[in-house]
Amino acid sequence: MVLSNDVETQINRIEKEFGARERLAHFGLKPRKKILFYGSPGCGKSMSAERIAWHIGLPFLKVRFEAIISSYLGESATNLKALFESIRNYPCVLLLDEFDFIAKSRSNGQDVGEMHRVVNILLNLLEDYDAPGILIATTNLQGSLDTALFRRFDDIIEIPKPSKLEILKLLKATLSSIKTSKNVNWQKIADKMNGFSAALVVKVANDAAKTAILENKNIIEQAHLLSAFEENFNYNK
């Protein structure tokens, strides 16, 4: 996993504060425990949540919102309350992936009634959240979230698309188990993939490696990477 220095610093701080929570409490301070990650799809928001869970040694739980939202009046709100109650005394990293699914703005004029009530309850649950773990929400559509939600989070972090340098690191890390030709022009490949998501960069590298292996070659040439780039170019549109 390759993150920008700024994002790495912000995530490290979350992990360090959690590890020092008892010392912080001695001075009446609390660690960051409610985090919102936002950014383009495939740039590592969910992986960052998993990484935090791994580093601080807590179980990682991911919410399936389709199991919470119900067509029956009041049931969605009840399910949401039950979710937060279930982790009240359970240390874990809880991932609310695709958070916009239940946290859409109440002012867009499209969703009324039940979903408005769900957002209102969500606001209160986030406000009162004081479980022993960390809650992380992710969204690709931060502009669609209800604005009142943002102040409920302790940290709001953008996970951007990788820079050219980060694309190079991703390519080389993904291909570390297979030999690459000395003739590969890494800068040219990174330039072509500028604007790709991290997931798409990894896919290009894996596709190039599989092509080389299927051709019974034990080395990746530039042609393999360029071919994989062309095959995946449309995914970035």
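Above this text sits the structure in question.
Model, not experiment: these values are computed from the prediction. (Residues numbered from 1 in each chain as written. Predicted model: local features only at pLDDT ≥ 70, side-chain atom pairs only at ≥ 80, totals over all residues. Heavy atoms only, no water.)

Peer 1: Looking at this model, I keep getting lost on the packing of aromatic side chains. Mind explaining?
Peer 2: The description of an aromatic ring pair rests on the distance of the ring centres and on the angle between the ring planes. This model, assessed by the stated rule, comprises four aromatic pairs. Plain terms: the ring middles of Phe-84 and Tyr-129 are 6.4 Å apart, the flat faces sit at 85° to each other, and that makes the pair edge-to-face. A residue pair is termed long-range when its members are at least 10 positions apart, and Phe-84 in helix H4 (residues 75-86) and Tyr-129 in the loop between helix H5 (114-128) and strand S4 (134-139) qualify at 45 residues. Taken individually, Phe-84 and Tyr-129 each receive the classification buried, so the pair is uniform in this respect. One cation-aromatic arrangement involves Arg-21 over Phe-18; the distance from NZ or CZ to the ring centre is 4.1 Å. (Phe/Tyr/Trp six-rings, centres within 6.5 Å; stacked < 30°, edge-to-face > 60°. Helix = DSSP H or I, 4+ residues; strand = E, 2+ residues; numbered from the N terminus. Buried < 20%, exposed > 50% of the residue type's maximum accessible area, 1.4 Å probe, protein only. Lys NZ or Arg CZ within 6 Å of the ring centre and 35° of its normal.)

Peer 1: Can you walk me through the environment of Leu-94 in this structure?
Peer 2: Tracing the sequence through the fold places Leu-94 in strand S3 (residues 93-96). For Leu-94 and Val-7, which are 87 residues apart along the polypeptide, the C-alpha to C-alpha distance reads 20 Å. Among residues more than four places away in sequence, those in contact with Leu-94 are Leu-61, Val-63, Leu-83, Ile-87, Ile-134, Leu-135 and Ile-136. (Contact = heavy atoms within 4.5 Å.)

Peer 1: Any chance you could explain H4 here in plain terms?
Peer 2: For an α-helix, the turn length of 3.6 residues means that residues three or four places apart are oriented alike. Taking 1.5 Å of rise per residue, the 12 residues of H4 would be expected to cover 16 Å, and the 16 Å separating its terminal C-alpha atoms lies within 8% of that figure. Of the residues making up H4, those classed as buried are Ser-76, Ala-77, Leu-80, Leu-83 and Phe-84. Viewed end-on, H4 has its buried residues packed into an arc of 120°, placing them on one side of the element. (Expected span 1.5 Å × (residues − 1). Arc of directions from axis to C-beta.)

Peer 1: For this particular structure, what's the right way to read the pairing of strand S1 (residues 34-38)?
Peer 2: Across a regular strand the side chains alternate sides, sitting on one face of the sheet and then on the other. The buried fraction of S1 amounts to four of the five residues, a majority that puts the element mostly inside the structure. Bridge analysis of S1 against strand S5 (residues 155-158) gives four bridges, and the strand direction is parallel. Looking at S5, one finds that Phe-37 is bridged to Ile-157. (Pairing = 2+ DSSP bridges.)

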